[in-house]
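For reference, the chains in residue letters:
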Amino acid sequence: MMTTGTAIIGGGASGLFAGIFLKRAGEDLLILERNPECGRKILITGHGRCNITNLKDPSELKKGYNEASKFVYPAISKFSPADCMKLFQDELGVRLKVEENDRVFPVSDRASDIRDAMVRYVGEDNIRTGFKCVSIKRKNGLFETTSENGDVVTCKNLILACGGQSYPGTGSDGSGSRLAAGLGHTINKPRASLSAIPATYESLNDLQGVTVENVSLSLYFDGKKQASAGGDLLFTHNGISGPSAMKISREIPAAITGEVYILADLVEGLTDGELVGRINANPRTKLCNLISDYVPRSLASGICGDEIYCRDVRSEMRKDVLRKLRSFRFDIRKTPDISSAYCTRGGVILNELCRDSYESRLVPDLFVIGENTDVDGISGGYNLAFAAGSAFLAVKRILG
Ligand SMILES: Cc1cc2nc3c(=O)[nH]c(=O)nc-3n(C[C@H](O)[C@H](O)[C@H](O)COP(=O)(O)OP(=O)(O)OC[C@H]3O[C@@H](n4cnc5c(N)ncnc54)[C@H](O)[C@@H]3O)c2cc1C
């Protein structure tokens, strides 16, 4: 049996950040990680480049956390993206750069540089790998955590940082929710966020790989519009992906009953009148060429064929083309798969945690951080920014 001041279950992004802050303060800590190494998910972030944070002002950044934006604000403002950059550059020795949309990456473009620097700072002595926590008990004001091999670690403070349920091969298989539930916490059922969406659409030509820029998506179910999102749209082999689809994916109901569909405005900003005017003004132009000014050629030819000239476009065809451009329909018959989502929606519910410390309102000295909580951010460095900020506040409370 081992004893430590603070045990952190999970050596992913949030657990490593907590380890860094405790180590910096000279505190006794132990990260308990189930895998043979820490931070496997960090290695695949940002397509292997790790978009570690986003340099927007926290008052702007908070808008990227959906319903949790108010709750998350103290975390991302008390340990801001600027603080995160400073930590990596000044203390962890990783040079960073800022790219489009304020996204921050290591200059080397290697996620492993981020992961390795974090592990190095925490120190191997403070990390125990191969420890899959299966039970947590409260005994005489301490926590007793037990691994599936029967090893026991006792601690005064316990930080749950087991992540969500996406990409389970990296280690985050939902056990954090089970451990928190075992301590009395309520769990919002995990489901996919930032995911591709399996969908069928009116069969045109093969659109796999086609990207349409600046599309506006609206999601409908229960007979009404439920959510909308904008951005680029990518047609995939079995549906849609790209920023707009990833953003709206979290709103798809957990169980698909009845009609669930997305209408895509592929030509946002273009009015019906403008399009009709252009068709009328260019009688000798092929309609497909004209439509290609707005959407990729293969999509345009799928929508209206290659042969018809604008002068031959009758009102019924015009209406059909307009409908496809303004309300292209995707039918959804399957919930997006959480295991291939970038993030998990769901986890420990937020009103059972203090927003200034991520301490449990039910169990003193228990903290829940990162994706183990019911927080999911949009893509662009938001989720790692939250992992860092929530870890910072938990450690701040532990330090007193
Ligand atoms: C493909 C992909 C790309 C992404 N890119 C970005 C990006 O560029 N920028 C960004 O901000 N976010 C990105 N994200 C999201 C981001 O990676 C996560 O939000 C972040 O890693 C969450 O950190 P975490 O510590 O909460 O969980 P995780 O990083 O998942 O870590 C949880 C850790 O806990 C361990 N664990 C789980 N259960 C147990 C247990 N019972 N006992 C012991 N250990 C356990 C796991 O093995 C794991 O190491 C991406 C996600 C994916 C899947």
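Residues numbered from 1 in each chain as written. Predicted model: local features only at pLDDT ≥ 70, side-chain atom pairs only at ≥ 80, totals over all residues.

> Would you mind going over the site of the ligand with me for this structure?
Among the 41 residues in the neighbourhood of the ligand, the closest are listed as Gly10, Gly12, Gly163, Gly171 and Gly370. Elements supplying a minimum of two residues to the shell around the ligand: helix 1 (13–24), helix 2 (40–44), helix 7 (175–182) and helix 13 (382–399). The biggest single contributor to the shell around the ligand is helix 13, with four residues. Across the shell around the ligand, the residue classes tally to 15 nonpolar, 20 polar and six charged. (Near = placed C-beta within 6 Å. Helix = DSSP H or I, 4+ residues; strand = E, 2+ residues; numbered from the N terminus. Nonpolar A, V, L, I, M, F, W, Y, C, P; charged D, E, K, R; others polar.)

> Just checking my understanding: could you explain the nonpolar core for this structure?
One broad trend across soluble globular proteins is that nonpolar side chains are buried collectively. Residues Phe17, Ala18, Leu160, Ala391 and Ala394 are the most contacted members of the largest nonpolar core, which totals 72 residues. Counting residues per element, this core draws most heavily on helix 13, which supplies 12 residues. Setting aside its immediate chain neighbours within four residues, alanine 18 contacts Ile8, Ile159, Ala161, Ile369, Ala391, Ala394 and Val395. Formed by 42 residues, the second largest nonpolar core is a distinct cluster that contains Ile248, Leu287, Ile332 and Ala341. (Core = buried A, V, L, I, M, F, W, Y, C linked by C-beta atoms within 7 Å. Buried ≥ 20, exposed ≤ 12 C-beta atoms within 10 Å, placed from the backbone. Contact = placed C-beta atoms within 7 Å.)

> Honestly, the packing of helix 1 against helix 6 (residues 111–122) in this entry has me stumped. Any pointers?
Packed helices, taken two at a time, are described by their axes: the angle between them and the distance between them. Packing of helix 1 against helix 6 leaves a shortest axis separation of 9 Å and a crossing angle of 40°. The angle between helix 1 and helix 6 falls in the class oblique. Crossing geometry of helix 1 relative to helix 6 is assigned as left-handed. Touching Leu16, Gly19, Ile20 and Lys23 of helix 1 are Met118, Val119, Tyr121 and Val122, all from helix 6. When grouped by side-chain class, the residues that make up the contact of helix 1 with helix 6 number six nonpolar, one polar and one charged. (Axes fitted to C-alpha atoms, helices over the stretch in contact; angles between N-to-C directions. Parallel < 35°, antiparallel > 145°, perpendicular 65-115°, else oblique. Left-handed = near helix turned anticlockwise from the far one by under 90°.)

> What is the right way to look at the domain arrangement of the protein chain in this model?
Many analyses report the size of an interface as the accessible area lost when the parts associate. Domain boundaries assigned for the protein chain yield domain 1 (2–192 + 343–399) and domain 2 (197–331). Taking only C-alpha atoms, the centre of domain 1 and the centre of domain 2 are 39 Å apart. Contacts between domain 1 and domain 2 engage seven residues on the former and six residues on the latter. Per-element tally for the side of domain 1 that touches domain 2: the top contributor is strand 10 (residues 187–193), with three residues. Residues that form the side of domain 1 that touches domain 2 fall into these classes: two nonpolar, one polar and four charged. (Domains from an automatic or database assignment.)

> Can you walk me through the pairing of strand 17 (residues 328–331) in this structure?
A regular strand carries its side chains on alternate faces of the sheet. On strand 17, burial follows the alternation: Phe328 and Phe330 on one face are buried, whereas Arg329 and Asp331 on the facing-out side are not. Pairing of strand 12 (residues 200–201) with strand 17, which is carried by two bridges, proceeds in the antiparallel orientation. Bridge pairing links tyrosine 201 to phenylalanine 330 in strand 17. Judged from the four bridges that link them, strand 16 (residues 261–265) and strand 17 form a sheet pairing that is antiparallel. When the bridges of strand 17 are listed, alanine 264 appears paired with phenylalanine 328. (Pairing = 2+ DSSP bridges.)

> Could you clarify how one ought to interpret the sheet that holds strand 14 (residues 224–236) in this entry?
Two modes of strand pairing occur in sheets, parallel and antiparallel, and in both the strands are linked by backbone hydrogen bonds. The strand order across the open sheet built from seven strands is 11-15-14-13-16-17-12, with neighbouring strands paired in antiparallel fashion. With partners counted over all chains shown, the strands left at the sheet margins are strand 11 (197–198) and strand 12, one partner each.

> I would appreciate a short explanation of the environment of serine 112 in the present structure.
Within the secondary structure, serine 112 sits in helix 6. Judged by local crowding, serine 112 falls into the partly exposed class, with 14 C-beta atoms found within 10 Å. Remark: the alpha-carbon pair of serine 112 and serine 327, spanning 215 residues in sequence, is separated by 43 Å.

> Is there a simple way to think about unusual backbone geometry in this case?
With the exception of glycine, most residues fall at negative phi, and the peptide bonds are largely trans. Positive phi is not limited to glycine here, since leucine 194 has a value of about 55°. Mapped onto the elements, leucine 194 comes out in the loop between strand 10 and strand 11. The backbone of aspartate 222 shows a phi angle near 50°, a positive value even though the residue is not glycine. Tracing the chain through its elements places aspartate 222 in the loop between strand 13 (211–221) and strand 14.

> Which parts of the structure should I look at to understand helix 1?
Owing to its 3.6 residues per turn, the α-helix aligns residues three or four sequence positions apart on the same side. In this model helix 1 runs 16 Å from its N-terminal to its C-terminal C-alpha over 12 residues, within 8% of the 16 Å that 1.5 Å per residue would give. Burial in helix 1 covers these residues: Ala13, Ser14, Gly15, Leu16, Phe17, Ala18, Gly19, Ile20, Phe21 and Leu22. In this structure, the buried side of helix 1 is in contact with strand 1 (2–9), strand 2 (29–32), helix 2, helix 6, strand 9 (152–160) and helix 13. Immediately downstream of helix 1, the backbone of glycine 26 shows phi near 75°, a positive value. (Expected span 1.5 Å × (residues − 1).)

> Teacher, can you tell me more about the sheet that holds strand 5 (residues 103–106) here?
The three strands lie next to each other as 3-5-4, forming an open sheet whose pairing is antiparallel. In this open sheet, the two strands that pair with only one neighbour each are strand 3 (53–54) and strand 4 (96–98). Two strands pair when backbone bridges link them, and strand 4 and strand 5 are joined in this way by three bridges, in the antiparallel orientation. By the bridge assignment for strand 5, valine 98 is matched with valine 104.

> I would appreciate a short explanation of helix 6 in the present structure.
An ideal rise of 1.5 Å per residue puts 16 Å on 12 residues; helix 6 measures up with 17 Å between its terminal C-alpha atoms. Among the residues of helix 6, Ala111, Asp113, Ile114, Arg115, Met118, Val119 and Val122 are the ones counted as buried. Looking at the buried positions of helix 6, the neighbouring elements they touch are helix 1, strand 2, helix 2, strand 5 and strand 6 (127–128). One or two residues past the end of helix 6 sits glycine 123, with phi positive at roughly 95°.

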